[in-house]
Amino acid sequence: MPHPRKKVIAANWKMNLTSSEVKPYLETLLLETQQVEGIDIVLIPSFTSIPKASELLEKTPKVRLGAQNFSAHDKGAFTGEVSARMLRDLFVRYILVGHSERRQLFGETDQIVHEKLLVAHRNEFRPILCVGETLEERKAGKAKQVLENQLKVALADLSVEDLADTIIAYEPVWAIGTGCTATTEQASEMHHFIREMIKDLSSKGPLSKLAAGDERQGIDGAQQLSVQEVLNGASTGVTQPIASAVEFGKRSKEVAAKIRLIYGGSVTPANACELLKSPDIDGALVGGASLDPRAFAEIVKAAATA
Ligand code: PGA
């Protein structure tokens, strides 16, 4: 069956490589991937490398630019912070939200992640929302529950349109930087779980809005419905006309079919091919292996042939 979603392969440099290393990196990456088409390739360097990368990529739409972090505030007296608007000015289009290193090392709570996700959408970024369980949580059989909690808080108040436009990265904490990647079965199972959850979230809305006739507008027509409303939908007491219920079911399937779910955690050229062949895995967020442009290009090529 043809894969309906465009794959996205993102390089998260974390706190590595300097501005002067951007040019040779990109030269190699672009050379190595010149035959590759149909993949969203995203470079996510540190803040100090963004201006250089932005300048070099201005006329090269093949590789898009992302940022690793940003402030939940729009502007003001927040010494050391970088706002979403400042990044947009540098043609940053993708943005990481809730990476486990931000959550664990810098105290980003689910609530902060949620606020940042709203800021990202308000500034028209394409956010990559990271979720994932720790080893202890997995061993305790709580992996799915952890994902569900992280996603419910993070995605609340999002319009259904923004929800469909969010990329969700499943990154088990125990696999990040450890060389211990999730098996394809483990990753696929969790991706499948997330997709089902997205379907569920976007199918329980206050159906009266659809009864008013906005079903003609497809997914876009659902933009008035926030996920918070969706979560509250069951208790609104709204009775649902049968035609709208059918339409909402269709729409939720559309959102779930459109949203891209990518895997992160020790992805390398050696394991990328198998992971990316899974119909549930729409790409990869690559840390360590992305520091070498040849290795990263191999992963991009694996996505193109998967
Ligand atoms: P890793 O990092 O590939 O080095 O495990 C992935 C990530 O943190 O996004």
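Residues numbered from 1 in each chain as written. Predicted model: local features only at pLDDT ≥ 70, side-chain atom pairs only at ≥ 80, totals over all residues. Heavy atoms only, no water.

**Student:** Whenever I open this one, the overall build of the chain confuses me. Can you help?
**Tutor:** Along the chain, the regular secondary structure elements total 14 helices and eight strands. For the chain, the residues scored as buried account for 52% of the 306 residues in total. Contacts spanning at least 24 positions in sequence make up 77% of the contacts within the chain whose residues lie at least 6 apart. Total accessible area on the chain stands at roughly 14100 Å², and carbon and sulfur atoms take up 52% of it. (Helix = DSSP H or I, 4+ residues; strand = E, 2+ residues; numbered from the N terminus. Buried < 20%, exposed > 50% of the residue type's maximum accessible area, 1.4 Å probe, protein only. Contact = heavy atoms within 4.5 Å. Areas by Shrake-Rupley, 256 points an atom, 1.4 Å probe, with all protein chains shown as cover.)

**Student:** Looking at this model, I keep getting lost on the packing of aromatic side chains. Mind explaining?
**Tutor:** Each aromatic ring pair is described using two quantities: the centre-to-centre distance and the angle formed by the ring planes. Enumeration over the complete set of coordinates arrives at two aromatic pairs. Seen from their ring centres, W13 and Y25 are 4.7 Å apart, and the 75° between their planes marks the pair as edge-to-face. In this pair, W13 is assigned in the loop between β1 (7-12) and α1 (22-32) and Y25 in helix α1, connecting sequence segments twelve residues apart. Given a relative accessible area of 3%, Y25 falls into the buried group. Centre to centre, the rings of Y170 and Y263 are 6.3 Å apart; their planes meet at 55°, and the pair counts as tilted. Of this pair, Y170 sits in strand β6 (residues 167-170) while Y263 is found in strand β7 (residues 260-264), placing the two residues 93 residues apart along the sequence. Residue classification places Y263 among the buried positions, given a relative accessible area of 1%. (Phe/Tyr/Trp six-rings, centres within 6.5 Å; stacked < 30°, edge-to-face > 60°.)

**Student:** Would you mind going over the pattern of salt bridges with me for this structure?
**Tutor:** Working definition: two side chains of opposite charge can pair if their charged atoms are close together. What the rule picks out here adds up to 19 salt bridges. The partner of D165 in a salt bridge is R126, with the nearest N and O atoms 3.1 Å apart. Here R126 lies in strand β5 (residues 126-131) and D165 lies in helix α8 (residues 160-165), a separation of 39 residues in the sequence. In this structure, the salt-bridge partner of E298 is K301, at a minimum N-O distance of 3.4 Å. (Salt bridge = Lys/Arg side-chain N within 4 Å of Asp/Glu carboxyl O.)

**Student:** Any chance you could explain the nonpolar core here in plain terms?
**Tutor:** In summary, soluble globular proteins display a tendency toward joint burial of nonpolar side chains. Among the nonpolar cores identified, the biggest contains 70 residues, and I9, L129, L155, I194, I198, Y263 and F296 are the most heavily contacted of them. When residues of this core are assigned to their parent elements, the largest contribution, seven residues, is made by helix α9 (residues 184-201). With twelve residues, the next largest nonpolar core counts V42, I44, L96 and A169 among its residues. (Core = buried A, V, L, I, M, F, W, Y, C linked by side-chain atoms within 4.5 Å.)

**Student:** Would you mind going over the confidence of the model for the chain with me for this structure?
**Tutor:** When pLDDT is low, close inspection of the predicted coordinates is not appropriate. For the chain, per-residue confidence averages 86 on the pLDDT scale, and 83% of positions sit at 70 or higher. Across residues 205-224, confidence stays below pLDDT 50; counting only partners more than four residues off in sequence or on other chains, it has 37 contacts. Segment residues 230-243: pLDDT under 50, and 15 contacts once partners within four positions in sequence are set aside and those in other chains are kept. (pLDDT = per-residue confidence, 0-100.)

**Student:** Honestly, α9 in this entry has me stumped. Any pointers?
**Tutor:** Think of an α-helix as turning once every 3.6 residues; residues three or four places apart then point the same way. Taking 1.5 Å of rise per residue, the 18 residues of α9 would be expected to cover 26 Å, and the 25 Å separating its terminal C-alpha atoms lies within 8% of that figure. Among all positions in α9, only T184, A187, S188, M190, H191, F193, I194, R195, M197, I198 and L201 are buried. (Expected span 1.5 Å × (residues − 1).)

**Student:** Even after reading the chapter, I still don't get the site of the ligand, so can you show me in this structure?
**Tutor:** Taken together, 13 residues sit near the ligand, with K14, H99, E171, G177 and S266 positioned nearest. Residue G288 places a main-chain N or O atom 2.8 Å away from an oxygen atom belonging to the ligand. Computed on the free molecule, the ligand has an accessible area of 280 Å², of which 95% lies beneath the protein chains in the complex. Within the shell around the ligand, the residues separate by chemical class into four nonpolar, seven polar and two charged. (Near = heavy atom within 4 Å. Polar contact = N/O pair within 3.5 Å; in protein donor to acceptor, adjacent residues only side chain to side chain. Nonpolar A, V, L, I, M, F, W, Y, C, P; charged D, E, K, R; others polar.)

**Student:** Teacher, can you tell me more about the environment of D74 here?
**Tutor:** Inspection of the secondary structure puts D74 in the loop between β3 (63-67) and α3 (84-89). Note: C-alpha distance between D74 and M86 (twelve residues apart in sequence) is 9.5 Å. Here D74 is in contact with S83, V119, R122 and N123, once residues within four sequence places are set aside. A distance of 3.1 Å separates the side chain of D74 from the side chain of R122, its partner in a polar contact.

**Student:** Please clarify how the sheet that holds β3 should be interpreted in this entry.
**Tutor:** Hydrogen bonds along the backbone pair up the strands of a sheet, which may run parallel or antiparallel. Spatially, eight strands are ordered β1-β2-β3-β4-β5-β6-β7-β8 in a closed barrel, and the strand pairing comes out parallel. Looking at each pair of strands side by side, their axes are set apart by 25° on average, direction ignored. Where β5 lies against β6, four bridges are found, and the strand directions are parallel. Note on β6: the bridge partner recorded for I128 is I167. Against the sheet, helix α5 (residues 110-122) engages β4 (94-97) and β5, with an angle of about 165° to β5. (Pairing = 2+ DSSP bridges. Axes fitted to C-alpha atoms, helices over the stretch in contact; angles between N-to-C directions.)

**Student:** Is there a simple way to think about the packing of helix α7 (residues 143-155) against α9 in this case?
**Tutor:** Relative placement of two packed helices is described by the angle separating their axes and the distance separating the axes. Interaxial distance between α7 and α9 falls to 11 Å at its minimum, and their mutual angle equals 40°. The orientation of α7 with respect to α9, classified from their angle, is oblique. Crossing of α7 against α9: the hand is right-handed. Of the residues in α9, those in contact with A143, K144, L147, E148, L151, K152 and L155 of α7 are E189, M190, F193, I194, M197, I198 and L201. In terms of residue class, the contact of α7 with α9 is made up of ten nonpolar, no polar and four charged. (Parallel < 35°, antiparallel > 145°, perpendicular 65-115°, else oblique. Left-handed = near helix turned anticlockwise from the far one by under 90°.)

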